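Coordinates in review
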Amino acid sequence: MAEPLAERLRPRTLDDYIGQQHLVGEGAVLRRMIDSGRISSFILWGPPGVGKTTLAQIIAHRLETPFYTLSAVTSGVKDVRDVIEKAQKGRFFNEASPILFIDEIHRFSKSQQDSLLGAVERGIVTLIGATTENPSFEVIRPLLSRCQLYVLKSLEKEDLLKLLERAVTTDIVLKERHIELKETGALLRYSGGDARKLLNILELVVESESGDVVITDELVEARLQQNPLAYDKDGEMHYDIISAFIKSIRGSDPDAALYWMARMIEGGEDPQFIARRMVISASEDIGLANPNALLLANAAFDTVMKIGWPEARIALAECAVYLATSPKSNSAYLGIDAALALVRETGNQPVPLPLRNAPTQLMKELGYHDGYKYPHDFPGHFTEQQYMPDALKDRRLWHGQHSPAEEKLWQRMVNYWGKRFEE
């Protein structure tokens, strides 16, 4: 049986690798490391189909070092220890450490990750992890601190078009079919920046036709409607579904939120993934309009960790309905983004002297802490003083939104600060 198109087209060198130029382009950080012949452990974080596994294989081939692969889905602690033992026995003095590639490292348990830590610390293996999830949630801190983190991006339109052209002109099977890419909009839209999904769709469409093939949007849409799951190897449009779920919560539609959650549950989604996204939604979309939403979302996450499927669906559903029916505010989300933008724009502004810590006599003599007013010494536990750096003392970052709960917070600020908060 012939290999799938995506496997046949897997690049073997960095020159053939498409996308991620911020990492592997001329002078980029990974390119420099690879060219030097020595790499340190790192984790590749990005959506599916952007080249994480391919990049790890190219690096191993380029460095001519032993390459071991483990899948977090099918491997246990014993498998990890077996690979480490092989790597230790097979390594020669002063030779580059063997590479251990772990796909979906976010699914490794704490004990599995602990079993890796010593080998990474001692340089027995160079770890390359791949994950579609934020590693800070799932990778233990000691292991994460010993790895660089590189973020891969969804492929751009130009990258995907280049990949399509390469497929129809160089693939040993497709080039015999005389394929014309008359329209590519549907191919690109359904792929969502995922190279593997794009090639799976192309292969599906080509295999459904006989003779020469003219790719049009209408043809792609028709074939995908007949085979709705054929282009998604996990059986669910993972990122599209979670996007629809979060937007239904944001749009205050509990029916749609429950529907998209049911789609994820039926598709075998990890309940922690659903719970984690609701914690984010509670902060980003509901925020100060209903602070209890974050408490409930965290409680739902904790419940999922304790009881698992199938009962966890009830806690998740309760949380989804609560979030969808809650009043909405994104003032905290907008506020921190505005603050980050201001910091990047203005750099490291000095802390005003009254706000500085003064643990030493010299610091006290230099005026650190002088003039600070302790708010609890004043009526209402408030007194007006400057907390922002001198150059930014009049800048506003948080703008209250007028939901019933947040109105009280905003009004308190007006009472404290007067015109500064009057909008």
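Details of the structure are given in the entry above.
Quick caveat, the model's predicted, so the values are computed rather than measured. (Residues numbered from 1 in each chain as written. Predicted model: local features only at pLDDT ≥ 70, side-chain atom pairs only at ≥ 80, totals over all residues. Heavy atoms only, no water.)

This part is about the overall build of the protein. The number of helices and strands found in the protein is 20 helices and seven strands. Projected onto its principal axes, the C-alpha positions of the protein cover 85 × 60 × 45 Å. Across the 423 residues that make up the protein, the buried fraction comes to 43%. Restricting the contact set of the protein to residue pairs at least 6 apart, pairs at least 24 apart contribute 71%. (Helix = DSSP H or I, 4+ residues; strand = E, 2+ residues; numbered from the N terminus. Buried < 20%, exposed > 50% of the residue type's maximum accessible area, 1.4 Å probe, protein only. Contact = heavy atoms within 4.5 Å.)

A few words now on unusual backbone geometry. A positive phi angle, close to 60°, is found at Gln20, a residue other than glycine. We note that Ser252 has phi near 60°; this positive angle belongs to a residue other than glycine. As for its position among the elements, Ser252 is in the loop between α13 (238-250) and α14 (254-266). Looking at Ser252, the relative accessible area reads 38%, which means it is partly exposed.

The buried fraction of strand β3 (residues 99-103) amounts to four of the five residues, a majority that puts the element mostly inside the structure. Note: strand β2 (residues 67-71) against β3, five bridges, orientation parallel. When the bridges of β3 are listed, Tyr68 appears paired with Leu100. Pairing of β3 with strand β4 (residues 126-131), which is carried by five bridges, proceeds in the parallel orientation. Within the sheet, the bridge partner assigned to Ile99 lies in β4 and is Thr126. Note on the crossover from β3 through helix α6 (residues 110-121) to β4: the handedness is right-handed. (Pairing = 2+ DSSP bridges. Right-handed = clockwise from strand over helix to strand, strands pointing away.)

Before going further, it helps to spend a moment on the sheet that holds β2. Spatially, five strands are ordered β2-β3-β4-β1-β5 in an open sheet, and the strand pairing comes out parallel. With partners counted over all chains shown, the strands left at the sheet margins are β2 and β5 (148-151), one partner each. Across the sheet, the mean angle separating the axes of adjacent strands is 20° when strand polarity is ignored. (Axes fitted to C-alpha atoms, helices over the stretch in contact; angles between N-to-C directions.)

Within the largest apolar cluster, 28 residues are counted, with the highest numbers of intra-cluster contacts made by Leu202, Ile215 and Val220. Those elements that place two or more of their residues in this core are α1 (5-8), α9 (157-170), α10 (185-191), α11 (195-207), β7 (213-215) and α12 (217-226). With eight residues, α11 is the largest single contributor of residues to this core. Sequence-distant contacts of Leu202, that is, excluding residues within four places in its chain, are made with Leu5, Leu164, Ala167, Val168, Leu174, Leu187 and Ile215. Ile242, Met261, Ile274 and Ala300 belong to the second-largest nonpolar core, a separate cluster that totals 25 residues. (Core = buried A, V, L, I, M, F, W, Y, C linked by side-chain atoms within 4.5 Å.)

Residue placement: Ser281 occurs in helix α15 (residues 271-286). On the basis of relative accessibility, which here comes to 2%, the residue Ser281 falls in the buried class. Apart from the residues lying within four places of it in its own chain, the contact partners of Ser281 are Ile246, Ile249, Ile286 and Leu323.

Before going further, it helps to spend a moment on a nonpolar patch on the surface. A cluster of nonpolar residues, Tyr372, Tyr374 and Tyr387, forms a patch on the protein surface that exposes about 300 Å² of accessible area. Summarising the element assignment, Tyr374 is placed in the loop between α19 (361-365) and α20 (404-417). (Patch = residues over 30% accessible without salt bridge, like charges linked within 9 Å, V, L, I, M, F, W, Y side chains within 5 Å. Areas by Shrake-Rupley, 256 points an atom, 1.4 Å probe, with all protein chains shown as cover. Salt bridge = Lys/Arg side-chain N within 4 Å of Asp/Glu carboxyl O.)

In this section: the packing of aromatic side chains. In total, this model carries four aromatic pairs according to the counting rule given. Relative to Phe101, the ring of Phe67 lies with its centre 6.2 Å away and its plane at 20°, an arrangement referred to as stacked. Taken together, the positions of Phe67 in strand β2 and Phe101 in strand β3 put the pair 34 residues apart, joining distant regions of the chain. Residue class for Phe101 comes out buried when judged on its relative accessible area of 2%. Aromatic side chains Tyr259 and Trp260 sit 4.8 Å apart centroid to centroid with 75° between the ring planes, which places their arrangement in the edge-to-face category. Since its relative accessible area comes to 23%, Trp260 is described here as partly exposed. The ring of Tyr190 carries the charged tip of Arg189 above its face, separated from the ring centre by 5.4 Å. (Phe/Tyr/Trp six-rings, centres within 6.5 Å; stacked < 30°, edge-to-face > 60°. Lys NZ or Arg CZ within 6 Å of the ring centre and 35° of its normal.)

Take the pattern of salt bridges next. According to the stated counting rule, one finds 17 salt bridges in the structure shown. Between Asp15 and Arg31 there is a salt bridge, with its nearest N and O atoms 3.4 Å apart. Here Asp15, found in the loop between α1 and α2 (21-24), pairs with Arg31, found in helix α3 (residues 29-36); they are 16 residues apart in sequence, far enough to count as distant. For Asp15, a relative accessible area of 64% gives the class exposed. In this structure, Arg107 and Glu104 form a salt bridge, with 3.3 Å as the shortest nitrogen-oxygen distance. The partly exposed category is assigned to Glu104, whose relative accessible area is 25%. By sharing partners, the salt bridges in this structure join Arg8, Asp171 and Glu203 into a single network.

This part takes up the side chain of Asp285. Tracing the sequence through the fold places Asp285 in helix α15. Residues in contact with Asp285, not counting those within four places in the same chain, are Ile246, Arg250, Lys328 and Ser329.

Attention now goes to α11. Taking 1.5 Å per residue, 13 residues should reach 18 Å; α11 reaches 18 Å between its end C-alpha atoms and fits that length. Within α11, eleven of the 13 residues are buried, leaving the element largely enclosed by the surrounding structure. Among all positions in α11, only Ala195, Lys197, Leu198, Leu199, Asn200, Ile201, Leu202, Glu203, Leu204, Val205 and Val206 are buried. (Expected span 1.5 Å × (residues − 1).)

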